[in-house]
Structures are given as structure tokens and as C-alpha cells.
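Here is what each chain is made of, one letter per residue.
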Amino acid sequence: MNTAPKPRVLVARQVFDEVIEKLAGHFELQYNQADAVWTQDELIARLQGMDGAFVTGTEAIDRRLLDACPQLRAVCTMAVGYNNIDLAACTERGVLVSNAPDVLTETTADFGFALMMATARRITESEHFLRAGRWTRWGHDMFAGADVHGATLGVLGMGRIGQAIARRGALGFGMSVLYHNRSRLDPAVEAKLGARYVDKATLLRESDHLVLVLPYSPASHHAIGAAELALMKPTATLTNVARGGIVDDAALAEALRERRIAAAGLDVFEGEPAVHPALLQLPNVVLTPHIASASLPTRLAMAQLAADNLIAALGQGPHAGRPPTALNLQVLGAR
Ligand code: GLV
């Protein structure tokens, strides 16, 4: 009988009960089903002596935390984006990191497309008008927006989610698809998606609806600022389902206020959950609270994947030592 003590794991945020149950089968578990807000110091205090952490996109796993928690061996996030985790610092310390790709691709692409359509067709602006009791008569150009079908879709960041959005645009809506990415796709993939690679300036100039789906890093900070917005068509829309900080929100608010672009759809914000106050005042922006991956089945799948990674990373379960979506698998070999 294996009498070794179970590894100790902290779940930093509230998560599905079935995921807690799964983790509890393998670990001595501390969790936060009350979803209490912890300061960074509280998080560090609660991680003392923990072997693993189940986190989301909201906890900062930085050098200070890692230095203060030398026992930590695995950090598994249920998000695909991991800009809140210092991957290099984790790797240096032998801490395995995993994220949750693939399981959210189609759901997030659905939402990106929906947000782009809501933005182009002024859905929330017109709903606010109706709810305010201001709809008294029909008007020939009332809330007339931009067409989506047949328009030019621009995708900045052509990874899995970008490709899924491109597919929706090309196959479902007859859009011409342009994209820009750090590296160009294989021509066969481009042909299948009906997508044309262009430089960033051309993407900005020619897109009717530009969707941002690139990861956040210092290199993509303010990838869309005043200079980039100035290149866009005055009729164009901008949709961001990637990360706050990729867009300079103050510059965007200014461009929207001056109608230098027509409208924006934003699911992510610089400094979220705070939203730039100027954006809140504008009619031509659709705002959602970072929910692009939030269908119930997908959020459950993301959480299950993070749990599977943690279980395997800490040597438990049938896939011990083989976490399915590790970002620095090499640290396990070095242990
Ligand atoms: C959500 O933003 C994610 O990175 O999963």
C-alpha cells in the first residue's frame, strides 16, 4: 500500500465542484470555494508548503511569489493565456507550468465573431436605446451599421483561435480574410482558410473588421495605439478578445469619440476589471467582462484540463509525469 503523503495543492479561485472532487482524490487540498479575494501576500501565505497551485488568469505568479514558495513544483492555469505567470522564472526553479489550450478554441471564436457582429450591427447601442424607452418611430437609417457578410475580415494573431475566426468569416459569411502574424502560416493552411498574409500596416488599412487574437507579451503591448488606429478606415470596427494591454485603451477611446474608427468590441481591458472611464461613456463600443471562453461546457473542460495537468505533473494518476499541455515539460526531466 502506498503510504506516501499526498502532495499538497492550493486552488486559488472558486471552481466547479466536480473539479474539486477530482483534485481531492489525489491531493491534500486547500481551496477557495467562497471565492474570497486574496492579496498577493495572502496568496503567498496560503501557498506555503504547497506542492502545486491551480490558478486562473487572475493570479500573478511572479518571481517574488516563487522565491517565497520554494516548495512549489507545479502551477497549472485553466486559462490558455499565461501572461500572469513568469514562465522563465518557473522554469529556472523547476516549476512545471501548464495552460489550457484547444478546449476553448471554438467557443472563443464563436464569441469573437459574435462580438464583432454586435459591434458592426450596433446591437447593444440599439438595445440601450430601446430599454430607455426612446424607440417611438421607425427611421430609415436608425442604427444602420456595417455589413459583416462580404466584408474584409482582418485577423491579427493567427493562432488556433484566429484561424477558427477566419474560418467562420470565410466559410460562413463570405468574407475576404487578411491576417498578420509573427510567422506566416503554411500555404496549404492559408488556402484552406482562404486567408491572405499581409504586413501589419496593410492589415490595418484594408480591414473592415479587425479582430485581435494575439497573446499578450511585452512585444505586443500597445500593438494597437494611436498610430495604428490612424491607419484604419473610418468605417472599420476593432474587436479585442485577446488581452488587455494589447490595445492602448485611452487612444482607442479618443479614436472612437472622434469617429476615426466606427466602433469597437472589447472583452478585455488594460487593468481589468477596471475599465477606462472614457470607454464607458461612449455609445459606439460593445463591452463585455472577459467572457469569450465562457460557455459552461468549455469552462468545465478548461478546469478539468488544468486539474489533469496538475495531477500528472505531481506524479499522480494514470498519466503521472506526462501533463497533457505543459509549457515547460523539460523541468520534469530535470527533476
Ligand atoms: C482567457 O482569457 C484565457 O486565456 O483562457
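Each chain has its residues counted from 1, following the order in which its sequence is written. Only residues with pLDDT of at least 70 are given local features in this predicted model, and only at 80 or more are side-chain atom pairs given and counted; all residues enter the totals for whole chains, interfaces and linings. For the side-chain quantities, the full set of heavy atoms in the structure was used; hydrogens and water were omitted.

A. Expanded view of empty space enclosed by the protein. Cavities and pockets are defined on a 1 Å grid built over the protein atoms alone: a cavity is a set of grid points where a 1.4 Å probe fits but cannot escape, while a pocket is an open set with protein on both sides within 12 Å along at least five of seven lines, and lining residues are those with an atom within 4 Å of any such point. Grid points are joined across faces, edges and corners, and a volume is the space filled by probe spheres set on the points. Within this structure, the stated rule accounts for 1 cavity of 30 Å³ or more. Taken as a whole, the largest cavity spans an internal volume of roughly 40 Å³. As for the largest cavity, its lining consists of Ala118, Thr119, Arg122, Thr124, Glu125, Ala263, Ala264, Pro283, Asn284, Val285 and Val286. When residues of the lining of the largest cavity are traced back to their parent elements, those giving at least two are helix H5 (105–120), helix H6 (123–131), strand E11 (263–266) and strand E12 (285–287). Under the grouping applied here, Gly and all other residues not named as nonpolar or charged are polar, the nonpolar ones being Ala, Val, Leu, Ile, Met, Phe, Trp, Tyr, Cys and Pro and the charged ones Asp, Glu, Lys and Arg. Tallied by class, the residues present in the lining of the largest cavity amount to 6 nonpolar, 3 polar and 2 charged. Secondary structure follows DSSP: runs of H or I at least 4 residues long count as helices, runs of E at least 2 residues long count as strands, and numbering of each begins at the N terminus.

B. Representation of the pairing of strand E4 (residues 74–77) in the model. Working definition: with a 1.4 Å probe on protein chains only, accessible area under 20% of the residue-type maximum means buried, over 50% means exposed, and in between means partly exposed. Of the two faces of E4, the one lined by Ala74 and Cys76 and the one lined by Val75 and Thr77 are each fully buried. Note on pairing: DSSP must find at least two bridges between two strands before they are called paired. Bridge analysis of strand E3 (residues 52–55) against E4 gives 4 bridges, and the strand direction is parallel. Residue pairing for E4: Gly52 is matched across the bridge by Ala74. For the segment spanning E3, helix H3 (residues 63–68) and E4, crossover handedness is right-handed. Pairing of E4 with strand E5 (residues 96–98), which is carried by 3 bridges, proceeds in the parallel orientation. Pairing of Ala74 across the sheet is with Leu96, part of E5. With the strands pointing away from the viewer, any crossover whose connection runs clockwise from the first strand over the helix to the second is right-handed. Where the polypeptide runs from E4 across helix H4 (residues 87–92) and back to E5, its parallel neighbour, the crossover connection is right-handed.

Read these as geometric descriptors, not functional statements.
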